[in-house]
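Structural characterization, general
Below, each chain spelled out in residue letters.
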Amino acid sequence: MTERLADIEARLRELEATALELEPDAKGRAHLRESVLRHGDRFLESLASARAFVVEEGSGEGLLDAPIRDEGRPIEELLDLFEREVERPGLNPASGGHLAYIPGGGLYPSALGDYLADVTNRYSGVFYVGYGAVRMENQLVRWMAEVVGYLETAHGDLTSGGSLANLAAIVAARDAMEIRAADVPRAAIYSTAQVHHCVGKAIRIAGLGEAPLREVPMDARYRMDAAALGEAIAADRAAGLRPFLIVASAGTTDTGAIDPLADVARVAKANDVWLHIDAAYGGFFALCDGIREKLAGLREADSIVLDPHKGLFLPYGSGAVLVRDGAALRRAHDFQAAYLQDAERANDEPSPARYSAELTRPFRGMRMWLPLQLFGVAPFRAALAEKHWLARYFHERVQAIPGMEVGPEPELSVAMYRYVPETGDADAFNERLVQAVQADGRVFLSSTRVDGRFYLRLAVLCFRTHRATVDLTLEVLREKIEELRNG
Ligand SMILES: *Cc1c(COP(=O)(O)O)cnc(C)c1O
């Protein structure tokens, strides 16, 4: 017996010695921390001169030369590997020259917030074990609800991004409207051709793949035609269908258009249809005087998606869903489990786990709370308004390039334009133009097809994009057009 115990003790001593490598001491932590922070600082200092897009430096395959193995490697070697294989090649989303798709953010205090969230590893799923973490997230949810004009009955959840936030909202709509499996083939859904593709994905994942999906016509500025929406709903109802969900956009990804939210809301209310607004791109512009008015209809929505990793400049991994009747979000996601019986008491703050598909989740509040508290809201408001005016500035200035044709005046911060050469195929020319700009790499632009025509886009939403970047973009465009024209 004692011999067996001695054996176990010897084994434990040996295992503990190796397991302890997972817990560096103060000196070891300082070495790691300083190496990483120095690396991060160097990256940030180099940003002003760094290219927004780098094509020719491989695609990270060097990572495969360092397989995960039993022995560890020194931090210096790993940071070199990271810089060479991850940081450098491809798009640099931290760059102010990222003007494609919908740019993201990367506020520095968010990284420090994540650091504290991760080091303390606070649990933000259930109030009973993470009072402060849950209170903080709920406070942020309530703040966002105020930004969009919701009342106190609203609630929501911090998600990993807009796609999962849209999924949560659509699931809430499905359950609140009592759409059962047998109802799906009659449960009509309405949006425009400009709705984000993640909405279609969410509809399918939510088990609504067989629901009739109606593409509502748009006006000349790619906004939903509310009258046509009303007609489509009436026609479907007359045909025995059950219209249940409208998905409008507050800032389409392609053109930055805002659907006529108040008019759409009136149609939704008159027909008892759930109105979901995807405001992943545009929602936080409600912070800005002069733009807020265009987003006033947000408060009429039954559910809304925001993307703090876009409009609040946070690093990737931060979305949000808000539901006007918060209980509807809970009913769609609530759970019971015997081992969680201690977890709910009267008067508790709402627990995120009851409003979300997630149980254990990253403590997402810190990356948002820290910068909002440190800076206050004013610089966020100014930065968003600046992005709007930069897009308007570009829209004005780009027209001075001979042959340039522009889309509608930017409602938010996306501008559309195309170069029309005197002869030859304009679509092909613009395709070569966007490729030439990407190969140059000083700024990163993307393209789209609207009404069958090839357009270039400028999407300003990175907090590091200021006037000098837009001036540089105009210069690069002039230069590349000239080069392409001269063959
Ligand atoms: C970015 C975006 C999404 C998707 O959000 P992710 O955070 O990328 O998952 C949805 N809708 C709109 C309008 C967007 O701009």
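To start, this report covers the structure provided alongside it. (Residues numbered from 1 in each chain as written. Predicted model: local features only at pLDDT ≥ 70, side-chain atom pairs only at ≥ 80, totals over all residues. Heavy atoms only, no water.)

The next point concerns the site of the ligand. Taken together, 15 residues sit near the ligand, with G162, S163, D278, D307 and K310 positioned nearest. Between the ligand and the protein, one listed contact pairs an oxygen atom with a backbone N or O atom of G162 at 2.7 Å. Here an oxygen atom of the ligand and a side-chain polar atom of S163 are 2.6 Å apart. Surface burial for the ligand is 85%, taken as the share of its 380 Å² of free accessible area covered by protein chains. Elements with a contribution of two residues or more to the shell around the ligand: helix 6 (162–176) and helix 10 (308–311). The greatest single-element share of the shell around the ligand, amounting to 3 residues, is contributed by helix 6. A breakdown of the residues in the shell around the ligand according to their chemical character gives 4 nonpolar, 8 polar and 3 charged. (Near = heavy atom within 4 Å. Polar contact = N/O pair within 3.5 Å; in protein donor to acceptor, adjacent residues only side chain to side chain. Areas by Shrake-Rupley, 256 points an atom, 1.4 Å probe, with all protein chains shown as cover. Helix = DSSP H or I, 4+ residues; strand = E, 2+ residues; numbered from the N terminus. Nonpolar A, V, L, I, M, F, W, Y, C, P; charged D, E, K, R; others polar.)

Our focus in this paragraph is a nonpolar patch on the surface. On the surface, a nonpolar cluster with roughly 380 Å² of combined accessible area is contributed by L5, I8, L12 and L15. Here L12 shows up in helix 1 (residues 2–19). (Patch = residues over 30% accessible without salt bridge, like charges linked within 9 Å, V, L, I, M, F, W, Y side chains within 5 Å. Salt bridge = Lys/Arg side-chain N within 4 Å of Asp/Glu carboxyl O.)

Tracing the backbone through its elements, the reader meets H309 in helix 10. Here the side chain of H309 touches G317 through a polar contact of 2.9 Å, landing on its backbone nitrogen. Sequence-distant contacts of H309, that is, excluding residues within four places in its chain, are made with G104, G105, S160, G161, G162, L314, P315, Y316, G317 and S318. (Contact = heavy atoms within 4.5 Å.)

So, on to the sheet that holds strand 5 (residues 213–215). Read from one edge of the open sheet, 7 strands run 3-9-8-7-6-4-5, paired in mixed fashion. Strand pairing shows two members of the sheet lacking a second neighbour, strand 3 (155–159) and strand 5, which therefore form its edges. Taking each pair of neighbouring strands and ignoring which way they run, the sheet shows an average axis angle of 15°. Against the sheet, helix 6 touches strand 3, strand 6 (245–249), strand 7 (274–278), strand 8 (303–306) and strand 9 (319–323), its axis set at about 175° to strand 7. The strands touched by helix 9 (residues 261–270) are strand 6 and strand 7; relative to strand 6, the strand with the most contacts, the crossing angle is about 180°. (Pairing = 2+ DSSP bridges. Axes fitted to C-alpha atoms, helices over the stretch in contact; angles between N-to-C directions.)

Geometric values such as these leave the question of function open.
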